[in-house]
Amino acid sequence: YFRRGKKKAEKCQFLQAVALYNFALIRQREELGENHIDCGTTLNEIGVCWMMLGERYPALTALEEALYIRKKKLGDGAKEIAETTANILMVFEEEREDMECMVQEDDG
C-alpha cells in the first residue's frame, strides 16, 4: 500500500494517496508495532498529503506523530527529523500567511 500511495502522491492524487498510506499504516502497526520507524515514514507522507490538500490540522497531527517516532528511533541528528520538522514549519508558515492576509483584508 505504501508504494501505491507514493505513486498516487507523485501524480498529485493526494486524497487517494492518504487512503493508501492509511492502509499501509494500519498494516505496519499490526505487523511491526505502533512506533516502528516505517510508521514514522508513513505518517510523514500522510502529513505531506494533507498539507498539499490544504488540511492543516490532520497534516500537523500526522507530522507531530511522525516526529515523535522518528526522534525516538533515530535521535535528534537524523535527516528524517529535519525533514519532518521542515514539513511542520511549512504548515505553520501557511497558517501565518493566511492570518496575515486576513489582517490585511480587515485593514483594507
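Since this is a predicted model, take the numbers as computed values, not measurements.

Caption draft 1: Quick peek at the nonpolar core. If you look at the biggest cluster of nonpolar residues, it comprises 13 residues, and the most contacted ones within it are Ala9, Ala17, Tyr21, Leu25, Leu43, Ile46 and Cys49. Residue assignment for this core shows that the elements contributing at least two residues are helix H2 (14-32), helix H3 (37-52) and helix H4 (56-74). In terms of residue count, the dominant contributor to this core is H2 (five residues). If near-sequence neighbours (up to four positions away) are discounted, leucine 43 is found in contact with Leu25, Arg29, Ala62, Leu63, Glu65, Ala66 and Ile69. In this structure, Leu60, Ala78, Ile88 and Val91 belong to the second largest nonpolar core, which totals nine residues.

Caption draft 2: Expanded view of the environment of leucine 67. Relative to the helices and strands, leucine 67 is located in helix H4. C-alpha of leucine 67 to C-alpha of cysteine 101: the two residues are 34 residues apart in sequence and 29 Å apart in space. Excluding anything up to four places from it in sequence, leucine 67 contacts Ile81, Thr84, Thr85 and Ile88.

Caption draft 3: Geometry of the pattern of salt bridges. Under the criterion given, the structure shown has ten salt bridges. Arginine 70 is paired through a salt bridge with glutamate 83; the nearest N and O atoms lie 2.9 Å apart. One end of the pair, arginine 70, is in helix H4; the other, glutamate 83, is in helix H5 (residues 79-107), with 13 residues separating them in the sequence. A salt bridge links arginine 96 to glutamate 93, with the shortest nitrogen-to-oxygen separation between them at 2.3 Å. You can see arginine 96 and its partner glutamate 93 sitting in helix H5, three residues apart, about one turn around the helix. Judged by relative accessible area, which is 38%, arginine 96 ranks as partly exposed.

Conventions used here
- Residues numbered from 1 in each chain as written.
- Predicted model: local features only at pLDDT ≥ 70, side-chain atom pairs only at ≥ 80, totals over all residues.
- Heavy atoms only, no water.
- Core = buried A, V, L, I, M, F, W, Y, C linked by side-chain atoms within 4.5 Å.
- Buried < 20%, exposed > 50% of the residue type's maximum accessible area, 1.4 Å probe, protein only.
- Helix = DSSP H or I, 4+ residues; strand = E, 2+ residues; numbered from the N terminus.
- Contact = heavy atoms within 4.5 Å.
- Salt bridge = Lys/Arg side-chain N within 4 Å of Asp/Glu carboxyl O.

Keep in mind these values describe shape, not function.
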